[in-house]
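One-letter residues, chain by chain:
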Amino acid sequence: MTEEDPTTTLTRLRSSIDNIDAALVYLLAERFKATKQVGRLKAEHGMPASDPAREEQQTARLRSLAEQADLDPAFAEKWFNFVVAEVIRHHTEAADSR
């Protein structure tokens with residue numbers, strides 16, 4: 001069995017990474033479409049932009065998923081906190097525009 005040329009291997013791996021990055025961007029876009037609908041619903045009904053209990057549940061769920069996926073749970077939590085901050089900003093803007 002012959003080994004693949006390192007440059008070929010690097011190109012193949014980077015191509016895979018590029019595909020994953022593209023999928024992540026599209027998944028995030030879909031996520032934000034859904035959370036913007038949540039923000040409008042909350043604004044229409046005078047609900048708070050943030051839901052700390054839900055965020056806590058999701059953090060625990062995502063940390064568990066990260067462990068199952070062999071991903072650093074602390075990293076997963078940081079990512080989730082970053083996303084949630086952006087979601088809350090959108091929800092606050094939706095409420096302010098009503």
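Since this is a predicted model, take the numbers as computed values, not measurements.

Basis of the calculations
- Residues numbered from 1 in each chain as written.
- Predicted model: local features only at pLDDT ≥ 70, side-chain atom pairs only at ≥ 80, totals over all residues.
- Heavy atoms only, no water.
- Salt bridge = Lys/Arg side-chain N within 4 Å of Asp/Glu carboxyl O.
- Buried < 20%, exposed > 50% of the residue type's maximum accessible area, 1.4 Å probe, protein only.
- Helix = DSSP H or I, 4+ residues; strand = E, 2+ residues; numbered from the N terminus.
- 1 Å grid on protein atoms, 1.4 Å probe; cavity = no way out; pocket = protein on both sides within 12 Å on 5 of 7 lines; lining within 4 Å.
- Points joined across faces, edges and corners; volume = space filled by probe spheres on them.
- Nonpolar A, V, L, I, M, F, W, Y, C, P; charged D, E, K, R; others polar.

## Topic: the pattern of salt bridges
Here the structure, examined in full by the defined rule, presents 5 salt bridges. Residues Glu4 and Arg12 are paired through a salt bridge, measuring 3.1 Å at the closest nitrogen-oxygen approach. Arg12 gets classed as partly exposed once you look at its relative accessible area, which sits at 47%. Two residues, Glu86 and Arg89, come together in a salt bridge whose shortest N-O distance is 2.4 Å. Of this pair, Glu86 and Arg89 both sit in helix H3 (residues 73–96), 3 residues apart, which is roughly one turn of the helix. Given a relative accessible area of 39%, Arg89 falls into the partly exposed group.

## Quick word on the layout of surface pockets
Estimates place the volume of the largest pocket at around 290 Å³. Every residue lining the largest pocket is counted, 15 residues in all, and those nearest its centre are Arg31, Thr35, Arg54, Val87 and His91. Of all the secondary structure elements, the ones that give two or more residues to the lining of the largest pocket are helix H1 (6–44), helix H2 (52–68) and H3. By residue number, the principal contributor to the lining of the largest pocket is H3, which donates 5 residues. Of the residues that constitute the lining of the largest pocket, the class distribution is 6 nonpolar, 4 polar and 5 charged. Of the volumes computed, that of the second largest pocket is approximately 200 Å³. Every residue lining the second largest pocket is listed: Leu24, Leu27, Leu28, Arg31, Phe75 and Trp79. Of all the secondary structure elements, the ones that give two or more residues to the lining of the second largest pocket are H1 and H3. It is H1 that provides the largest number of residues to the lining of the second largest pocket, a total of 4 residues. Its residues assigned to classes, the lining of the second largest pocket shows 5 nonpolar, no polar and 1 charged.

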